[in-house]
Amino acid sequence: MADAKIDYKNDIGFWIHETYMQLVFHFIYAELQKTKYDFINKPELLLDCEGKINGWTNGYLVLTWNRFICGTIEEQTMIHLLQNVIIHLENKEKYITIAELQVMPTEDEHWKSVMDKDFPISELIRIFNTLIQMLQGVWESNNYDMKINW
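This structure is a prediction, so every number in the text was calculated from the model and none was measured.

I would appreciate a short explanation of the packing of aromatic side chains in the present structure.
How two aromatic rings sit relative to each other is set out by the distance from centre to centre and by the angle between their planes. Summed over all chains, the structure comprises 4 aromatic pairs. Ring centres 5.3 Å apart and planes at 50 degrees place the aromatic pair Phe 119 and Trp 150 in the tilted group. A residue pair is termed long-range when its members are at least 10 positions apart, and Phe 119 in strand 4 (residues 119–120) and Trp 150 in the segment after strand 5 (144–145) qualify at 31 residues. Residue Phe 119 is classed as buried on the basis of its relative accessible area, which comes to 0%. The exposure class of Trp 150 is partly exposed, given its relative accessible area of 23%. A centroid spacing of 5.4 Å and a plane angle of 85 degrees characterise the contact between Trp 139 and Tyr 144, whose relative ring orientation is edge-to-face. With relative accessibility at 33%, the residue Tyr 144 sits in the partly exposed group. One aromatic cluster in this structure is built from Tyr 20, Phe 119 and Trp 150.

Cut-offs and rules
- Residues numbered from 1 in each chain as written.
- Predicted model: local features only at pLDDT ≥ 70, side-chain atom pairs only at ≥ 80, totals over all residues.
- Heavy atoms only, no water.
- Phe/Tyr/Trp six-rings, centres within 6.5 Å; stacked < 30°, edge-to-face > 60°.
- Helix = DSSP H or I, 4+ residues; strand = E, 2+ residues; numbered from the N terminus.
- Buried < 20%, exposed > 50% of the residue type's maximum accessible area, 1.4 Å probe, protein only.

Dropping the structure here:
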C-alpha cells in the first residue's frame, strides 16, 4: 500500500495508506449519491469518488475537493454528509466485516487481497472526523501520519 497526502487547503492534511482512503470513499460515494445533497459539481465529485474506489488514482491519490466544492455553503453540505456517514457507521457493529469489504464494488484488482480482515469502525470514524476538521479549518497539521490500528 502506498501512502497519500490528503490535504484540503493551505497544504493542511495528513498522510494515510491509499487503501484506507479507498474505503473512506466507498462510504462517501454511497452517501453522496443521495438526492438530499446539492453540489454544483456533484457529477464530478461522484466521478472522482468512483476513480478512487476503482483504484484509478492509486499511486497519486489526492483529495480534489478544492476543485469541486464551491464555497462555504457546499463545505457545510460536505461536513453534513460526512457527519451522516459517521452516524451510519456508529449504528453498525464494531467492525466492517470482511464479508462487507469483499463485496464492495471496485475494479481494483488488489482490493480483495488487501482488505482481508474486519476493519475497525473507530478507525474509519477517526478519518472522517479529521476530514470534517479540515473542512472546518480547525485541523492544523500539515504532516500528520494517520496510523491506522488494523
